[in-house]
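Fold and contact review
If you want the building blocks of each chain, they are given just below.
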Protein chains: 2
Amino acid sequence: MIEKTLIEKLLNNDRRSVARAISIVEKNDSESAELLKNIYPNVGKAYRIGITGPPGAGKSTITNQLAKLFIKEKKTVGIIAVDPTSPFTGGALLGDRIRMSDIGQRNDVFIRSMATRGSLGGLSKKAVDAADVLDAAGYEMIILETVGVGQSELDIAQAADTTMVVLVPESGDSVQAMKAGLMEIADFFVLNKSDRPGAQQAVTAIKTILSMRGQDDPGIQGWSTEIIQSIASENEGIIEIKNEINWHKNYLLKTGKFSANRVKRMKVRIKDIVEEKLRSELWSEARENSLNLSLEKIAAGRQGLSPYHIAEEILENFKEHI
Amino acid sequence: MIEKTLIEKLLNNDRRSVARAISIVEKNDSESAELLKNIYPNVGKAYRIGITGPPGAGKSTITNQLAKLFIKEKKTVGIIAVDPTSPFTGGALLGDRIRMSDIGQRNDVFIRSMATRGSLGGLSKKAVDAADVLDAAGYEMIILETVGVGQSELDIAQAADTTMVVLVPESGDSVQAMKAGLMEIADFFVLNKSDRPGAQQAVTAIKTILSMRGQDDPGIQGWSTEIIQSIASENEGIIEIKNEINWHKNYLLKTGKFSANRVKRMKVRIKDIVEEKLRSELWSEARENSLNLSLEKIAAGRQGLSPYHIAEEILENFKEHI
């Protein structure tokens, strides 16, 4: 049961309540669902920016510098840094780097880092929920930062209004292989550490890959995916990044894609809610136990039991008891 | 409807039927489910090896050399190379590299590369299904090779009896950040390209991280996670890799973990089957349409409709009609 005062304080941007609310969504249980339901009417005002890319590309530095620009414009900033490292090596690196920086103590900035506990997929969902909390608490610009390692950045990109992919000259060759998924989610690219050797070749490589992207892709019609060169550690290129975000926002608004994307996102969320509820009803303790029993029989060499038969039995049982 | 002759031919290791069957599981529809159900009694004899690691670590070369050793022992080899690059940059690199090699044309080797079409998560499930096809077709050693980018290698590791993580001296620093998930799935490590500078430091770094892994972790009790140094391009260290696989297999058999792991895997699979069936019944065309209609109302600014209300309506409707 969520206390009403927590919601009230959260909506009034009480920092401790915001922190507590994020801890609640991190657990992702029934309390989390109740909280999200309660704050929902206040979610949707913030602009969400996704920042992703390989480790060491300088995402945290860019986040930091970009946040400073927003602060100068008198905007409040919420930052969620998603770090898909596991508990066993110690957890969230990204957010800590920003928290220790000069914006970490400001009242108009809220920083939270989230590390993997359990599965990756779950983490990005929780990060998006945490962004909803910051949104409801009134933060105007929300930055979702994540290391690009597979599924998580796709989820983050889907949750962001504008997504930038940060690369460095050294990522040139991996661009073609592993990071292909990143190519598709980028509204624009940032080539950070652009003073390093190979920067021009990297820009050319990205351009080549981009040119292979069909111009008839409805997702990018009327939008040209730019490559911004930056040296974030020296604050070079950050204004250009901010401008590109603004241009992309205007493009989204002008074409109606801004609200279309948000409706799409809501569809994904509704499906998630329905499926999660159904799943939790499905895997009751009794049904888990019965599954374990069937598995023991299989382990003991009982013939004639296949996973398919067991699955059908469980499904039948569920339908009978619904 | 799967023709009976396809199954028969597949079980007799007819190459064209094996290829067709894998194409069927790649589609992951009702035909795929039927096929898997039919071959299930013949699945489980093969030993499954997972190979994962960052791009450029030499996974394909190791796969290739290892396969040659198995062939020398008169074992048949099935290889599934999972490449999480997207269609838009061209697809499966890993498998093609092996297919073009000297083992690619042999009758006792079957190689299939699978690239992302849609979501990453789905890809690794299909790869595991494809491994089942190869298993049923009688391939004795199955190698599942995947680029380590997040969720996919966890799925692959869960499906493999023995998983090795391939690193190179240059991956030293990323070891600590991004690859933390890889640390947990490794039954042993291969430091490939060990003639390069920094090899010794990399070994030390991996050892340090491994020492942080609690010895009370029941998953690794009685097993010491080794680091094998190799230069796969010169065929150095491959016999050592093969020996380590054998040792791990013996360890699994001796401790009863071999069958325990397979039962665990079956549990995951059963849950997947149940949830997928339920999901497909849930998202009927009618219910999809009704969801889209609700979303249109929200987009038109209709107040009082939240994703939570819509989700509840859908769930109620589903329960009534089940």
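Residues numbered from 1 in each chain as written. Chains lettered and ligands numbered in written order. Predicted model: local features only at pLDDT ≥ 70, side-chain atom pairs only at ≥ 80, totals over all residues.

Notes on the overall build of chain A
Rules: In DSSP terms, a helix is any run of H or I states spanning at least four residues, a strand is any run of E spanning at least two, and both are numbered starting from the N terminus. Once C-beta atoms are placed from the backbone, each residue is buried if 20 or more other C-beta atoms lie within 10 Å of its own, exposed if 12 or fewer, and partly exposed for counts between those two. Residues are treated as contacting if the C-beta atoms built from their backbones sit within 7 Å of each other.
The helix and strand tally for chain A stands at 14 helices and 7 strands. Looking at the 322 residues of chain A, the share that counts as buried comes to 43%. Taking the contacts inside chain A whose residues are at least 6 apart along the sequence as the reference set, 74% of them involve residues at least 24 apart.

A short note on the sheet that holds strand β5 (residues 162-167) of chain A
All names here are of chain A. Which entries qualify depends on this criterion: A pair of strands is considered paired only if DSSP assigns at least 2 bridges between the two. Every axis in this analysis is a line fitted to C-alpha atoms, fitted for helices over the stretch in contact. Angles between the N-to-C directions lie between 0 and 180 degrees.
The strand order across the open sheet built from 7 strands is β3-β2-β4-β1-β5-β6-β7, with neighbouring strands paired in parallel fashion. Pairing within the sheet leaves two strands with one partner each, and these edge strands are β3 (109-115) and β7 (227-229). Across the sheet, the axes of successive neighbouring strands diverge by a mean angle of 20 degrees, strand direction being ignored. Note: strand β1 (residues 47-53) against β5, 4 bridges, orientation parallel. Within the sheet, the bridge partner assigned to Thr-52 lies in β5 and is Val-165. Strands in contact with helix α4 (residues 59-72) are β1, β2 (77-83), β3, β4 (141-147), β5 and β6 (188-191); relative to β4, the strand with the most contacts, it is inclined by about 175 degrees.

Section: unusual backbone geometry
Notably, Asn-235 of chain A is not glycine yet its phi reads approximately 65 degrees, a positive angle. Here Asn-235 of chain A shows up in the loop between β7 and α11 (238-255). The phi dihedral of Lys-193 of chain B falls on the positive side, at around 55 degrees, and the residue is not glycine. Locating Lys-193 of chain B in the fold gives a position in the loop between β6 (188-191) and α10 (199-212). Lys-193 of chain B gets classed as buried once you count the C-beta atoms within 10 Å, which come to 23.

Side note on the environment of Asp-108 of chain B
All names here are of chain B. Relative to the assigned elements, Asp-108 resides in the loop between α5 (94-99) and β3 (109-115). Its 16 C-beta neighbours within 10 Å are what place Asp-108 among the partly exposed residues. C-alpha separation for the pair Asp-108 and Lys-59, spaced 49 residues apart in sequence, amounts to 21 Å. Once residues within four sequence positions are removed from consideration, Asp-108 is found in contact with Ile-71, Thr-76 and Val-77.

Description of the packing of helix α4 (residues 59-72) of chain B against helix α11 (residues 238-255) of chain B
Residues and elements named next belong to chain B. Heads up, the condition is: Put simply, angles under 35 degrees are roughly parallel, angles over 145 are roughly antiparallel, angles from 65 to 115 are roughly perpendicular, and the rest are oblique. Gly counts as polar in this scheme, as do all residues outside two lists: the nonpolar Ala, Val, Leu, Ile, Met, Phe, Trp, Tyr, Cys and Pro, and the charged Asp, Glu, Lys and Arg.
Running from N to C, α4 and α11 point in directions that differ by 70 degrees, and their axes come no closer than 10 Å. Judged by the inter-axis angle, α4 sits roughly perpendicular to α11. Counting all contacts with α4, which are made through Ile-62, Gln-65, Leu-66 and Leu-69, the residues of α11 involved are Ile-238, Ile-239, Ile-241 and Lys-242. Classifying every residue of the contact of α4 with α11 by side-chain character gives 6 nonpolar, 1 polar and 1 charged.

Looking at the packing of α11 of chain A against helix α12 (residues 257-282) of chain A
Helices that pack against each other are described as a pair by the angle of their axes relative to one another and the distance between those axes. Residue and element names in this part refer to chain A. Viewed as axis vectors pointing N to C, α11 and α12 meet at an angle of 85 degrees, and their least axial separation amounts to 5 Å. When the interaxial angle is binned, α11 and α12 end up roughly perpendicular. Contact residues: Leu-252, Leu-253 and Thr-255 in α11; Lys-257, Phe-258 and Asn-261 in α12.

Some thoughts on the environment of Arg-15 of chain A
Note that Arg-15 of chain A resides in helix α2 (residues 15-27). Sequence spacing of Arg-15 of chain A and Val-109 of chain A is 94 residues, and the spatial spacing of their C-alpha atoms is 9.9 Å.

A short note on the confidence of the model for chain A
Residues and elements named next belong to chain A. Condition: A score from 0 to 100, pLDDT tells how confident the predictor is in each residue.
Of all residues in chain A, 84% attain a pLDDT of 70 or more, and the chain-wide mean is 84. At the low end of the mean pLDDT range in chain A sits helix α8 (residues 172-176), at 49; at the high end sits α11, at 97. The ipTM value of the predicted complex is 0.76, and its pTM value is 0.76.

Side note on helix α13 (residues 285-299) of chain B
Going by this rule: Between the first and last residue of a helix there are one fewer steps than residues, each counted as 1.5 Å, and that sum is the expected span. Along the arc lie the directions from the helix axis toward the C-beta atoms.
Spanning 15 residues, α13 of chain B covers 21 Å between terminal C-alpha atoms, matching the ideal 21 Å at 1.5 Å per step. Of the residues making up α13 of chain B, those classed as buried are Leu-291, Ser-294 and Ile-298 of chain B. The buried residues of α13 of chain B occupy an angular sector of 60 degrees when projected down its axis, which confines them to one face. Exposed side chains of α13 of chain B directed beyond 90 degrees from the buried face belong to Glu-285, Ala-286, Asn-289, Asn-292, Leu-293 and Glu-296 of chain B. Looking at the buried side of α13 of chain B, the elements it contacts are α12 of chain A together with α14 (307-321) of chain B.

As for the nonpolar core
Definition in use: Residues enter a nonpolar core if they are buried, belong to Ala, Val, Leu, Ile, Met, Phe, Trp, Tyr or Cys, and are joined to the set through C-beta atoms within 7 Å.
Membership of the largest hydrophobic core comes to 67 residues, with the highest contact counts inside it found for Ala-127, Val-133, Leu-134, Ile-143 and Leu-144 of chain B. By residue number, the principal contributor to this core is helix α6 (residues 120-136) of chain B, which donates 8 residues. Excluding anything up to four places from it in sequence, Leu-134 of chain B contacts Val-18, Ala-46, Gly-78, Phe-110, Tyr-139 and Ile-142 of chain B. Listed in part, the 66 residues of the second largest apolar core include Ile-2, Phe-110, Met-164 and Met-183 of chain A.

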